[in-house]
Amino acid sequence: MEKSYHPEAFTGQTGAFKDAWEYWTDAWQRSVLFLDAMRKRGNAYVDHLKEGQPPVLTFRYEMILDGRYFKRPVNYALVRIVDRRAEELQRKRRDERRSGTYVKTLPKRPIIIIDPRAGHGPGIGGSKRDSEIGMALTNGHPVYFILFFTEPMPGQTLVDVEDAEVKFVEEVLARHPNLDKPAIMGNCQAGWAAALLCADRPDLVGPLVLNGAPLSYWAGVEGANPMRYRGGLGGGVWMNTFLSDLGNGKFDGANLVSNFESLNPANTYWSKQYNLYSQIDTEEERYLKFERWWGGFFMMNSEEIHFIVNNLFVGNKLERGDLELREGQKLSLKHIRSPILVFASRGDNITPPQQALGWITRVYESADDIRRHGQVIVYIVHSDIGHLGIFVSGAVAQKEHKEIIGNFDMIEYLAPGLYEMVIDEASGPMGNTDFKPRFEERTFEDIYALGTEGAQEEEDFQVVKAVSEWNDTLYRMWVRPWLQMTVNDLSAEIFKQMHPLRLQRYVFSDLNPAVRPVKALADMARKTRRPVSAENPLVDLEKQMNKVIVDTLNLYRDTRDRHQETLFRSIFGREILHRAFVEGRKEICDSGGDLPASCVPEEIEKAFESGGQAEGLIRVMMAVTMADRIFDRSEYAAAERVALSHPIFSEIRPAVFKDIVKQQAMVIQADEKRALKALGKLIRKQEDRREALALGRQIADADGHFSETEKVVLEKIRKGLGISEKEA
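Residues numbered from 1 in each chain as written. Predicted model: local features only at pLDDT ≥ 70, side-chain atom pairs only at ≥ 80, totals over all residues. Heavy atoms only, no water.

(A) Structural detail: empty space enclosed by the protein. The tally for this structure, following the rule as stated, stands at three cavities of 30 Å³ or more. Put simply, the largest cavity is a space of about 90 Å³. Forming the boundary of the largest cavity are Tyr413, Leu414, Ala415, Tyr419, Glu441, Met622, Thr625, Met626, Arg629, Ile630, Phe631 and Gln669. At the level of elements, helix H28 (613–625) and strand E15 (630–632) are the ones that each hand at least two residues to the lining of the largest cavity. (1 Å grid on protein atoms, 1.4 Å probe; cavity = no way out; pocket = protein on both sides within 12 Å on 5 of 7 lines; lining within 4 Å. Points joined across faces, edges and corners; volume = space filled by probe spheres on them. Helix = DSSP H or I, 4+ residues; strand = E, 2+ residues; numbered from the N terminus.)

Structure below.
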């Protein structure tokens, strides 16, 4: 009779040997399953290449415009998301009409989402059902997506890309002529691309949302944010030109991905793999799905990457107002006329809050300066989510993205100024979580409190900019001609395929015969799978070893980063370099288009006493909502009911109505006392005046109580309307 050997046969009881046997059995099986997951990752990479690396969207879409067939072809395309959520919403509205429960709401504006072309492919904004695209569909918006293909078109430049995006927006406008202008959402590096689009053509676009988007490349905090130093330590833009030349005129996006991975070596070299290994029974699907996007490496033309690095990463010209997309035409962020909403996170090490928000304090002099320009800027800062979590986290989608998208209507009715979007949580009737957003006025001091410094001494980075241009010129004169003579398509392809990020995927795929037996071993492991008990003491030892490895790699990272910062300062902080490369310091940002701080624009001056009942009612509503410097959903809902039901507004087009709202808000901001005192000249009939006061009280009471500031404003409104205390 065949004997069966178990640990109990040796000990006769549960003991250390049994724990060791159980643990090492599980560890062996996990190791085999882990290697099989690596094999699947490699196979998925190869299959994705064969398919042409399509977007990793989970949503169906239809092609609208393909930029590859434009007069100036680009590898970009506009698609419309076609999804069951939109169909379900239409069916729900039909059912509500039949049952008589339908409540009329204004049609929702289209939303255009742009994903980053920063090494990876498109789709991160819609890689899950709960995502930016998912939330936009749930809110009833027509959703469009700008995607791009692996290879750039020959001769394609950033100007060509921007021109193509203008055509995409014009197409969306033509398809929805009766709706508000489309909102633009730019993720990560697509944020600056979206900002360029909105600054170049402010007449085409609605609100601009910047998710984890760097616009202030020199900003940061001493002792942190080491990525901003790397361009200088590498000598500037010449390195990108060199890599493009090795690629025979094309820059490999895998180089950008390598840069991102090097920021957090603990995650790159250990934690990401260990999380899969330790949770191999449940984590494989999520891991492979993410790796399909993370391992999709896309290419750029040499001219594109040179423009981006030279003008943005190293030159920081967009923030400074010096960027020329076309010769002689400078673009400034002040050219953007639509509201801007910035979403950043303290846990983001790729686009920290300093780089996401720093431009505000450099482009504008103060929050009052923002108001004088009639601009609305809103920011929201997450406490700890990482960079990728901004785009892929389901929790972030269900909260921040849902509320951002669901409150586009409110944002456009905010008075000009700087706001923070605060989202309160409350328990809903079904045990779910309800989110209640509000917009609170802020000053630059609130941004500085996040660690974002004001317009500070940045000569070191100006030296980097000058040295970068010098090095690039030397490289182009003395090295590039000889290198280009030796490079051809074959050598470029070999150089591309030998990149470590590609090689590791090829090696762990079925292309390697030595890896193929792993599948059979993994099938056997799954059939005999015996997970270790959570109480096994060796599991705790494994977790402790994991912590030691992570802490060691983090120590290496912190030491490396401090060394890089010290080296950067010691090189580019030298006075001799400042004298050699910086002749007089330029202003941080341009002053073109600035308004004098002490004056009121002529059109606002005229608006104090011009207009009629419509302007008067809107002035009353805006005065009440602006009273406590907090604008919440209840106040907006009350004002919206008035706007939709009052006959005086029925003949005013929505776009004109919004212009009046903005104008009246600026009138109140310029001189509230004078603005409210003039109400009697706008609303002439006594019954209309009493109605206006009643509507003001209705909006003030929308949240269930009158604040002291609201009471004061209502009293000023009463006096301005010439209504006696007895009549009131």
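(B) Region of interest: unusual backbone geometry. Phi is positive for glutamine 53, close to 50°, though the residue is something other than glycine. With respect to the helices and strands, glutamine 53 occurs in the loop between helix H2 (16–50) and strand E1 (61–66). Of the residues examined, glutamine 53 reaches a relative accessible area of 4% and is grouped as buried. (Buried < 20%, exposed > 50% of the residue type's maximum accessible area, 1.4 Å probe, protein only.)

(C) Highlighting the packing of H2 against helix H23 (residues 500–507). Direction vectors running N to C along H2 and H23 enclose 110°, while the axes themselves pass 7 Å from each other. Here H23 runs roughly perpendicular to H2, going by the angle between their axes. Here H2 runs over H23; the crossing is left-handed. Here Arg41, Gly42, Tyr45, Val46 and Leu49 of H2 come into contact with H23, specifically with Arg502, Gln504, Arg505 and Tyr506. Across the contact of H2 with H23, the residue classes break down as four nonpolar, two polar and three charged. (Axes fitted to C-alpha atoms, helices over the stretch in contact; angles between N-to-C directions. Parallel < 35°, antiparallel > 145°, perpendicular 65-115°, else oblique. Left-handed = near helix turned anticlockwise from the far one by under 90°. Contact = heavy atoms within 4.5 Å. Nonpolar A, V, L, I, M, F, W, Y, C, P; charged D, E, K, R; others polar.)

(D) Quick peek at the packing of aromatic side chains. Throughout the structure, instances matching the rule amount to 27 aromatic pairs. Judged by centre distance (5.1 Å) and plane angle (40°), the rings of phenylalanine 461 and phenylalanine 568 are tilted. On the criterion of sequence distance, the pair formed by phenylalanine 461 in helix H20 (residues 459–478) and phenylalanine 568 in helix H25 (residues 537–572) is long-range, its members being 107 residues apart. One aromatic cluster in this structure is built from Trp218, Tyr229, Phe461, Phe568 and Phe572. (Phe/Tyr/Trp six-rings, centres within 6.5 Å; stacked < 30°, edge-to-face > 60°.)

(E) Highlighting the nonpolar core. Ranked by size, the top nonpolar core spans 99 residues in total, and within it Ile133, Phe439 and Ile717 carry the most contacts. Residue contributions to this core peak at eight residues, all from H28. If near-sequence neighbours (up to four positions away) are discounted, isoleucine 717 is found in contact with Val620, Ala623, Val624, Leu676, Leu679 and Leu693. Counting 82 residues, the second-largest nonpolar core is a separate cluster that includes Ile146, Val169, Ala193 and Phe568. (Core = buried A, V, L, I, M, F, W, Y, C linked by side-chain atoms within 4.5 Å.)

(F) Spatial organisation of the pattern of salt bridges. Inspection of the entire model under this criterion finds 58 salt bridges. A salt bridge links aspartate 36 to lysine 40; the nearest nitrogen and oxygen atoms lie 3.8 Å apart. With aspartate 36 and lysine 40 both in helix H2 and four residues apart, this pair spans about one turn of that helix. Of the charged contacts in the structure, one is a salt bridge between lysine 711 and glutamate 708, with a shortest N-O distance of 3.6 Å. Here the residue lysine 711 and the residue glutamate 708 both occupy positions in helix H34 (residues 708–720), the gap between them amounting to three residues, near one helical turn. Owing to a relative accessible area of 42%, lysine 711 belongs among the partly exposed residues under this scheme. Linked through salt bridges whose partners overlap, the residues forming this network are Asp36, Arg39, Lys40, Glu284, Asp510, Lys519, Asp523 and Arg526. (Salt bridge = Lys/Arg side-chain N within 4 Å of Asp/Glu carboxyl O.)

(G) Spatial organisation of helix H5 (residues 158–175). The first and last C-alpha atoms of H5 sit 26 Å apart over 18 residues, in line with the 26 Å expected at 1.5 Å per residue. Every buried residue of H5 is accounted for by Leu158, Asp160, Val161, Glu162, Ala164, Glu165, Val166, Phe168, Val169 and Val172. (Expected span 1.5 Å × (residues − 1).)

(H) Up close: the pairing of strand E3 (residues 111–114). Covered by surrounding structure in E3 are Ile111 and Ile113 together with Ile112 and Ile114, the residues of both alternating faces. Inspection of the sheet shows E3 paired to strand E4 (residues 143–148) by four bridges, in the parallel sense. The residue of E4 that forms the bridge with isoleucine 113 is phenylalanine 145. For the crossover from E3 across helix H4 (residues 132–138) to E4, the handedness is right-handed. Bridge analysis of E3 against strand E5 (residues 183–187) gives four bridges, and the strand direction is parallel. The partner of isoleucine 112 across the bridge, within E5, is isoleucine 184. (Pairing = 2+ DSSP bridges. Right-handed = clockwise from strand over helix to strand, strands pointing away.)

(I) Structural context of helix H30 (residues 654–670). Look at H30: 24 Å from first C-alpha to last across 17 residues, which is about the 24 Å you get at 1.5 Å a residue. Taken together, the buried positions of H30 are Phe657, Lys658, Ile660, Val661, Gln664, Ala665, Met666, Val667 and Ile668. Looking at the packing, one finds that the buried side of H30 touches helix H15 (367–372), helix H27 (602–607), H28, helix H29 (633–645) and helix H31 (672–677).

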